[in-house]
Structures are given as structure tokens and as C-alpha cells.
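# Architecture and fold: a report
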Amino acid sequence: MRAVIQRVSEAACRVDGNITGEIGIGFMVLLGIEDADTDEDLQWLAQKIAGLRVFSDEQGLMNRSLADIDGGILLISQFTLFAATKKGNRPSFIRAAKPDKAIPLYEKMISTLEQITGKKVATGIFGADMKVSLVNDGPVTITIDTKVKE
């Protein structure tokens with residue numbers, strides 16, 4: 001799994017002009033799922049997202065987590081995070097999981113994050129043409145790949 005996590009002061013997702021999910025302060029997370037992903041990847045990544053301490057404390061240091069600031073999560077499925085661009089100019093998405101594997105893992109990520117945070121996770125609609133807007137706070141953007149645990 002790959003995630004692009006952006007610290008935001010607000011974020012929203014619209015499909016056909018209708019808001020499907022929105023948050024105030026928190027994380028806007030783009031989530032890519034590949035065929036090789038397992039439940040172990042999902043659990044590790046969910047804990048990592050929920051525990052990231054990138055919100056400012058009283059001294060202005062990035063030392064607070066979502067729980068510390070009562071932040072929300074907007075989770076958006078994003079198969080293009082597995083774009084292969086080595087050859088030519090047209091990306092290949094061969095590593096991205098097909099919907100029959102990706103949808104259950106995406107839905108489980110939603111429920112896992114809700115369990116960990118105790119808050120409803122805002123979402124887009126899997127496979128839809130989504131319009132995502134956000135105000136990146138900082139900007140702070142972090143990428144995590146469960147196959148490259150740095």
C-alpha cells in the first residue's frame with residue numbers, strides 16, 4: 001500500500017457536484033492498493049497514519065497526532081499511486097489492485113481507521129471521477145509505502 005498524507009486545515013471530495021466527504025483540520029490521505037498488499041500492510045499503515053505526530057504543539061514543533069488535535073481523515077482511493085513510468089510517456093498501472101481486491105481492502109482501511117481514531121472517516125467514492133479540494137497546512141506532505149518501511 002502507498003499513502004500520500006497531507007496535513008490540511010480543510011479538505012473535501014465531490015462527485016457530480018455533491019460532497020461525499022469533508023473534514024476540517026486533519027489528514028487528507030490518498031491510498032493506493034496493489035495486488036501484493038495484505039491485511040498486515042493495512043494494519044501497519046492504519047496505525048502509522050493515526051499515530052503520525054505532525055501537528056504543531058505550543059512551541060511550534062510537530063509533536064501532536066490526530067487524536068491530540070481531534071482531527072479528521074478524508075480517505076481517497078488512488079490507484080495512480082502505482083503508476084509505472086519507466087518506459088514511454090504513458091503510465092502503466094499493472095501493479096494497482098483490481099477492484100475485486102482493492103475495494104474490500106479500501107473498505108477495511110476505512111473501518112480500521114475509524115476503530116483506531118474513534119471518529120468517522122470521510123471518503124470519496126471508489127472508482128468515481130472525484131474532485132478533491134484541500135488547503136495543505138504547512139505544507140506538510142508525507143508518503144508511506146508499506147513495502148519500504150523507512
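This section reports on the structure supplied with the text. Please read these numbers as outputs of a predicted model, since none were measured by experiment. (Residues numbered from 1 in each chain as written. Predicted model: local features only at pLDDT ≥ 70, side-chain atom pairs only at ≥ 80, totals over all residues. Heavy atoms only, no water.)

## Considering the pairing of strand β1 (residues 2–15)
- Taking burial as the measure, the 14 residues of β1 include 10 buried ones, the bulk of the element.
- Two elements, β1 and strand β3 (residues 26–32), share 7 bridges in a ladder whose sense is antiparallel. Note on β3: the bridge partner recorded for Arg 2 is Gly 32.
- Where β1 and strand β8 (residues 130–145) come together, 12 bridges link them in antiparallel fashion. The residue of β8 that forms the bridge with Glu 10 is Val 135.
- Of the pairings in the sheet, the one linking β1 to strand β2 (residues 18–23) comprises 5 bridges and is antiparallel in character. Paired with Cys 13 across the bridge in β2 is Gly 21.
- Hairpin connection between β1 and β2: a loop of 2 residues separates the two successive antiparallel strands, and Asp 16 in this loop has a positive phi of roughly 55 degrees. (Buried < 20%, exposed > 50% of the residue type's maximum accessible area, 1.4 Å probe, protein only. Helix = DSSP H or I, 4+ residues; strand = E, 2+ residues; numbered from the N terminus. Pairing = 2+ DSSP bridges.)

## Structural notes on unusual backbone geometry
- Here the amide bond leading from Gly 138 into Pro 139 is cis, since omega sits at -5 degrees, within 30 degrees of zero.
- Look at Asp 16: it is not a glycine, yet its phi comes out positive at around 55 degrees.
- Checked against the element boundaries, Asp 16 lands in the loop between β1 and β2.
- The backbone of Asp 70 shows a phi angle near 55 degrees, a positive value even though the residue is not glycine.
- Its place among the elements puts Asp 70 in the loop between α2 (66–69) and β6 (72–77).

## Regarding the side chain of Asp 57
- Position of Asp 57 among the secondary structure elements: in the loop between β4 (55–56) and β5 (62–64).
- Within the buried set, Asp 57 has no salt-bridge partner at all; the shortest N-O distance to an opposite charge, 6.3 Å, is to Arg 64.
- Within the local environment of Asp 57, its side chain forms a polar contact with the backbone nitrogen of Gln 59, the two atoms lying 2.9 Å apart.
- Once you skip the residues sitting within four places of it in the chain, Asp 57 turns out to touch Asn 63 and Arg 64. (Lys, Arg positive; Asp, Glu negative; His and termini not counted. Salt bridge = Lys/Arg side-chain N within 4 Å of Asp/Glu carboxyl O. Polar contact = N/O pair within 3.5 Å; in protein donor to acceptor, adjacent residues only side chain to side chain. Contact = heavy atoms within 4.5 Å.)

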